[in-house]
Amino acid sequence: MLQLTVLREQTDQVIAGLNKKNYKNAAEEVAALLELDQQRRQVQNEHDELQRQANTMAKAIGSLMKSGEREKAEAYKTETAELKQKTKALAELLSTTEAQIQQALYKLPNLPHESVPAGRTAEDNEVVLQNGEIPDLHEGALPHWELIQKYDIIDFELGNKITGAGFPVYKKQGARLQRALINFFLDEAIAAGYMEVQPPILVNETSGYGTGQLPDKDGQMYHATADNLYLIPTAEVPITNIYRDTIVPVEQLPIKNTGHTPCFRREAGSWGADVRGLNRLHQFDKVEIVQVTLPEKSYQALEEMSDHIQGLLQKLELPYRVLRLCGGDMSFTASLTFDMEVYSAAQGRWLEVSSASNFETYQANRLKLRYKNESGKTQLLHTLNGSALALPRIVAAILENNQTLDGINMPKVLHPYLGFEKIS
RNA sequence: AGAGAGUUGGCGGAGUGGUCGAACGCGGCGGUCUUGAAAACCGUUGACUGUAACAGGUCCGGGGGUUCGAAUCCCUCACUCUCUGCCA
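Residues numbered from 1 in each chain as written. Chains lettered and ligands numbered in written order. Predicted model: local features only at pLDDT ≥ 70, side-chain atom pairs only at ≥ 80, totals over all residues. Heavy atoms only, no water.

**Here we look at the UniProt feature "coiled-coil region" (unreviewed entry) in chain A**
Stated precisely, the cut-off is as follows: UniProt positions are given in the numbering used here, feature names are shortened, and annotations may be inferred rather than shown by experiment. Going along the chain from the N terminus, every DSSP run of H or I of four or more residues is numbered as a helix, and every run of E of two or more is numbered as a strand.
According to UniProt, the "coiled-coil region" (unreviewed entry) feature falls on residues 26-86. Counted over residues 26-86, helix gives 95% and strand 0%. Its end C-alpha atoms are 36 Å apart.

The following block contains the structure:
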């Protein structure tokens, strides 16, 4: 959530930023918000003044009672009654105004970093770099959804039976490959200085608001209504919420955590022709990296995360490219996002396998995640996260790109994790 | 799930209607002393809001109520602990 002081002091930049992010009616909404803010502060001043009067009278009554001046005390009491009425009315106005401000603030997305290119859709994203060789597949090469049937390693029909579409069952070398990738990703993250955590995969409403999935993406999460808990769409939610409501000692920064979790996404309305096989699932596994840093260090941290993710792709020998997302394609909460895409050779498509973002203070403001600067003032920290990596599309690319007529070669780094070198 | 107890500042722990933002201890910070350090002693030490800066206001698990006045009384929700039950 944006900070009101920023709206107040840098109104024009805020509006320009919202526009860049393709937010409609930015100027009007910001003006309305500032109006409400003005109103709130005025009401609060009036309310506080009455409260002050009531407080002094209550104290006066107390000492009158002690010194035995009953009648005088009674007279004061009738006076306070009126004061109370007024205070109550103002308090109600104050809280409704505050609620309005809160709601309006929740609706505003984060502001984009200055390096974010203008644009509306994925077409406008900027390709930062491309790396790795695009393989030449043999005649009759298969897309991964046929390969998994041929080698019987992932079964969508079974998943349909047990749960429904988008919940595949991984089998044999397919299951083994999943486990190998998870371990490989975690080991690499740990080697890069991240601490491994295993968080809950159901979270409460407060956590959903903390990282910004609520209220924006309400319909995208599975909701266990009996207990009002949400299945996480990404480990970002529980891992970042570890630090909700904390003032972190500076010497503990930067915080670097990693974790593997299943992720659940309803993907309401986003199913179409391009989502066959592993391209889009309701449940998938992902290793996430999360950082909490000082404001002045966060972009350096984002670079570091991007390098880490690229390192994984290089070790897996996958051709990939890095995109700098344009304003219109970035997520609600991000200031700057790099997407990593791998080339899935049989489909002939780039598939998004990672997204690394700096949220600056947007999440920290909701989370109340802060530190004390040199002068002892509490200030918001910056939060970042990235997938390192999401499994299904990595699996799709590995299968498609490395297929031969008599099996699928596994990347060398995975051999020790897999216990085999080829799916056959 | 049933019965009981509890939830206070970074931590421990007082406080059952009036000047309590909260005793005391520990920890942290600053200082005295010391060649330096420890010990000892002195001082200081929460968050939010608000203001140009003061002032002022709010916060003792969350929400609501009683009262001139609530950390203290009442209601409600959440969580924690102990015992019983169930269970990977």
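Here the narrative resumes, following the displayed structure.
**Some points on the domain arrangement of chain A**
As a reminder, the rule being used: Note that domain bounds follow an automatic or database assignment of domains. Contacts were defined at the residue level, with two residues in contact if any of their heavy atoms lie within 4.5 Å. Summed over both partners, the accessible area lost on bringing two parts together, with a 1.4 Å probe, is the buried area. Think of a salt bridge as a Lys or Arg side-chain nitrogen and an Asp or Glu carboxyl oxygen that are within 4 Å of each other. Each residue is assigned to one of three groups, with Ala, Val, Leu, Ile, Met, Phe, Trp, Tyr, Cys and Pro labelled nonpolar, Asp, Glu, Lys and Arg labelled charged, and all others, Gly among them, labelled polar.
Examined at the domain level, chain A breaks down into domain 1 (4-106) and domain 2 (122-423). For domain 1 versus domain 2, the separation of C-alpha centres amounts to 43 Å. The interface is formed by four residues belonging to domain 1 together with 11 residues belonging to domain 2. Contact between domain 1 and domain 2 buries roughly 560 Å² in total, counting both sides, with carbon and sulfur atoms accounting for 55%. It is Lys 20, Lys 21 and Tyr 106 that lose the most area in domain 1 upon contact with domain 2, and together they represent 87% of the buried surface on that side. Where domain 1 packs against domain 2, one counts zero salt bridges. Partitioning the side of domain 1 that touches domain 2 into residue classes produces one nonpolar, one polar and two charged.

**What about the sheet that holds strand S5 (residues 202-204)?**
Our working rule: Paired strands, as defined in this entry, are two strands with at least two bridges between them according to DSSP.
Reading across the sheet, the three strands line up as S5-S7-S6 and stay open at both edges, with antiparallel pairing between neighbours. Every other strand in the sheet has two partners, leaving S5 and strand S6 (223-224) as the edge strands with one partner each. Bridging between S5 and strand S7 (residues 229-231) involves three bridges; their strand directions are antiparallel. Across the sheet, Asn 204 pairs through a bridge with Leu 229, a residue of S7.

**Description of the packing of helix H7 (residues 172-191) against helix H12 (residues 391-401)**
Formally: The angle between two axes is taken between their N-to-C directions and runs from 0 to 180 degrees, where each axis is a line fitted to C-alpha atoms and a helix contributes only its stretch in contact. Put simply, angles under 35 degrees are roughly parallel, angles over 145 are roughly antiparallel, angles from 65 to 115 are roughly perpendicular, and the rest are oblique. Rotating anticlockwise by less than a right angle from the far helix to the near helix defines a left-handed crossing, while the corresponding clockwise rotation defines a right-handed one.
Relative to each other, H7 and H12 sit at 115°, their axes nearing to 11 Å. As summarised for this structure, H7 and H12 are arranged roughly perpendicular, according to the angle between their axes. Regarding H7 and H12, the two cross each other, and that crossing is right-handed. Residue-level contacts link Leu 177, Gln 178, Leu 181, Ile 182 and Phe 185 of H7 to Leu 391, Ile 394, Val 395, Ile 398 and Leu 399 of H12. Taken together, the residues of the contact of H7 with H12 sort by class into nine nonpolar, one polar and no charged.

**Side note on the nonpolar core**
Rules: Nonpolar cores were defined as sets of buried Ala, Val, Leu, Ile, Met, Phe, Trp, Tyr and Cys residues, with membership established by side-chain atoms within 4.5 Å. Using a 1.4 Å probe on the protein chains alone, a residue whose accessible area is under 20% of its type maximum counts as buried, one over 50% counts as exposed, and one in between counts as partly exposed.
Counting 61 residues, the largest nonpolar core has Leu 181, Phe 185, Leu 313, Val 342, Ile 394 and Leu 399 as the members making the most contacts within it. With eight residues, the top contributor of residues to this core is H7. Once residues lying within four places of it in the same chain are set aside, the contact partners of Leu 313 are Leu 318, Tyr 320, Met 340, Val 342, Val 353, Leu 389 and Ile 394. Judged by nonpolar contacts, the second largest core, of 18 residues, contains Val 14, Val 30, Leu 105 and Phe 332.

**Notes on helix H2 (residues 11-20)**
Note the cut-off: This arc describes the spread of directions from the helix axis toward the C-beta atoms.
Among all positions of H2, only Val 14, Ile 15, Gly 17 and Leu 18 are buried. Down the axis of H2, the buried side of the element spans an arc of 160°, and every buried residue falls inside it. Of the exposed residues in H2, the ones pointing more than 90 degrees away from its buried face are Asp 12 and Gln 13. Lining the buried residues of H2 we find helix H1 (4-9) and helix H3 (26-66). Immediately downstream of H2, the backbone of Asn 22 shows phi near 70°, a positive value.

**Some thoughts on the protein's contact with RNA strand B**
Worth spelling out the cut-off: Whether a residue is near a molecule or strand is decided by its heavy atoms; if any one of them lies within 4 Å of it, the residue is near. Pairs of N or O atoms within 3.5 Å make up the polar contacts considered here, provided that, within protein, one atom can donate a hydrogen while the other can accept it, and that residues adjacent in sequence are counted only when both atoms are side-chain atoms.
For RNA strand B, the set of nearby residues contains 19 residues, the closest of which are Gln 44, Asp 48, Ala 58, Arg 370 and Lys 372. At the protein interface, 72% of the atoms of RNA strand B within 4 Å belong to sugar or phosphate. Note that a phosphate oxygen of RNA strand B is positioned 2.8 Å from one of the side-chain N or O atoms of Arg 370. With respect to RNA strand B, the side chain of Lys 372 contributes an N or O atom lying 2.3 Å from a phosphate oxygen. Secondary-structure elements contributing two or more residues to the surface near RNA strand B are H3, helix H4 (70-107) and strand S14 (369-372). Broken down by element, the surface near RNA strand B gets its largest block of residues, 12 residues, from H3.

**Looking at the packing of aromatic side chains**
Cut-off, in case you're wondering: Paired rings are identified among Phe, Tyr and Trp, the last through its six-membered ring, by centres lying within 6.5 Å, and are further divided according to the angle between planes into stacked (under 30 degrees), edge-to-face (over 60) and tilted (the rest). Here, over-ring charges are defined by two tests on the NZ atom of lysine or the CZ atom of arginine: distance to the ring centre within 6 Å, and angle to the ring normal within 35 degrees.
Throughout the structure, instances matching the rule amount to six aromatic pairs. For the pair Tyr 106 and Tyr 209, a centre-to-centre distance of 5.2 Å together with 45° between the ring planes defines the contact as tilted. In this pair, Tyr 106 is assigned in helix H4 and Tyr 209 in helix H8 (residues 205-211), connecting sequence segments 103 residues apart. With a centroid separation of 6.4 Å and an interplanar angle of 55°, the aromatic rings of Phe 167 and Tyr 222 are classed as tilted. A residue pair is termed long-range when its members are at least 10 positions apart, and Phe 167 in the loop between helix H6 (156-162) and strand S3 (169-170) and Tyr 222 in the loop between H8 and S6 qualify at 55 residues. These aromatic residues form a ring-pair network of at least three members: Phe 184, Phe 185 and Tyr 417. The lysine or arginine in question, Lys 256, covers the ring of Tyr 194, its NZ or CZ lying 4.8 Å from the ring centre.

**Comments concerning a negative patch on the surface**
What counts here: Patches here: salt-bridge-free residues with over 30% relative accessible area, like charges joined within 9 Å, nonpolar side chains (Val, Leu, Ile, Met, Phe, Trp, Tyr) joined within 5 Å. Here, Shrake-Rupley sampling with a 1.4 Å probe gives the accessible areas, and only protein chains in the shown set may cover a residue. For this count, His and the chain ends are skipped, Lys and Arg are scored as positive, and Asp and Glu as negative. Where a charge sits is defined by one atom per residue type, namely NZ (Lys), CZ (Arg), CG (Asp) or CD (Glu).
Where like charges cluster on the molecular surface, the negative patch consists of Glu 123, Asp 124, Asp 329 and Glu 352. Of note, Glu 352 is situated in strand S13 (residues 349-358).

**Considerations on the pairing of S14**
Only one face of S14 is covered, namely the one carrying Leu 369 and Tyr 371; the face carrying Arg 370 and Lys 372 has none of its residues buried. Examined bridge by bridge, strand S8 (residues 246-247) and S14 share two bridges and lie parallel to one another. Considered in S14, the bridge of Thr 246 is made with Leu 369.

**Concerning the sheet that holds strand S4 (residues 195-196)**
Taken together, eight strands build an open sheet; the order of strands is S1-S11-S12-S13-S16-S10-S9-S4 and the sheet is mixed. Sheet topology places strand S1 (126-131) and S4 at the edges, where each strand pairs with a single neighbour. Bridge count between strand S9 (residues 255-264) and strand S10 (residues 283-293): 10 bridges; the pairing is antiparallel. Bridging from a neighbouring strand, Thr 261 pairs with Lys 286 of S10. Along the sheet face, H7 touches S4, S9, S10 and strand S16 (382-390) and points at about 5° away from the line of S10.

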